[in-house]
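# Fold and geometry: a report
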Amino acid sequence: MSPTFKKIAPAVVILAGSMGLGGCATKGFVREQVAAVNQRVDALDSRLQQTDATAQAARSEAQAASGQAQQNSQRIDQLGGRVDSVEQRMAEAQRKRARN
């Protein structure tokens, strides 16, 4: 072996050992971390489902309100025509009275 290799060999062994040992996580640690993440995902999924249900209910109510508004608008148009007709008859009756 060369003298340079003898000087570097212990450093390489220490470096390789520390990389091998320091980078490993135990199964228990990984399970704990995954369990914590899964709990957060489940909580967020539950909140998402609640939000989605609320949004769907709001959409349904908005569609019903829109339909009711259209019906009300049509009814107002019908009543407006009737009011115009009554006003015309009243004006005509007043003209007849004024002539007499």
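Check the entry above for the structure.
What this report covers is the structure whose coordinates are included nearby. The model shown is predicted, which means the values in this text are computed figures rather than measured ones.

## Observations concerning the overall build of the protein chain
Looking only at helices and strands, one finds two helices and zero strands in the protein chain. Each of the 100 residues in the protein chain was classed as buried or not, and the buried ones make up 0%. In the structure as shown, the protein chain presents an accessible area of about 9200 Å², 57% of it carried by carbon and sulfur atoms.

## Quick look at a nonpolar patch on the surface
A cluster of nonpolar residues, Phe29, Val30 and Val34, forms a patch on the protein surface that exposes about 250 Å² of accessible area. When you line up the elements, phenylalanine 29 lands in helix H2 (residues 27-99).

Criteria and cut-off values
- Each chain has its residues counted from 1, following the order in which its sequence is written.
- Reporting in this predicted model follows two pLDDT cut-offs: at least 70 for local features of residues, and 80 or more for side-chain atom pairs to be given and counted; totals over whole chains, interfaces and linings ignore these cut-offs and use all residues.
- To obtain the side-chain values, all non-hydrogen atoms of the structure were used and water was disregarded.
- Numbering goes from the N terminus for both helices and strands, where a helix is a DSSP run of H or I of at least four residues and a strand is a run of E of at least two.
- Each residue gets one of three labels from its accessible area relative to the maximum for its type: buried under 20%, exposed over 50%, partly exposed in between, using a 1.4 Å probe on protein chains only.
- Here the accessible surface of atoms and residues is derived via Shrake-Rupley with a 1.4 Å probe, and residues count as covered only by protein chains that are part of the display.
- A patch is a set of surface residues, each over 30% in relative accessible area and not in a salt bridge, joined within 9 Å for like charges and within 5 Å for the nonpolar side chains Val, Leu, Ile, Met, Phe, Trp and Tyr.
- A carboxyl oxygen of Asp or Glu within 4 Å of a side-chain nitrogen of Lys or Arg is what we treat as a salt bridge.

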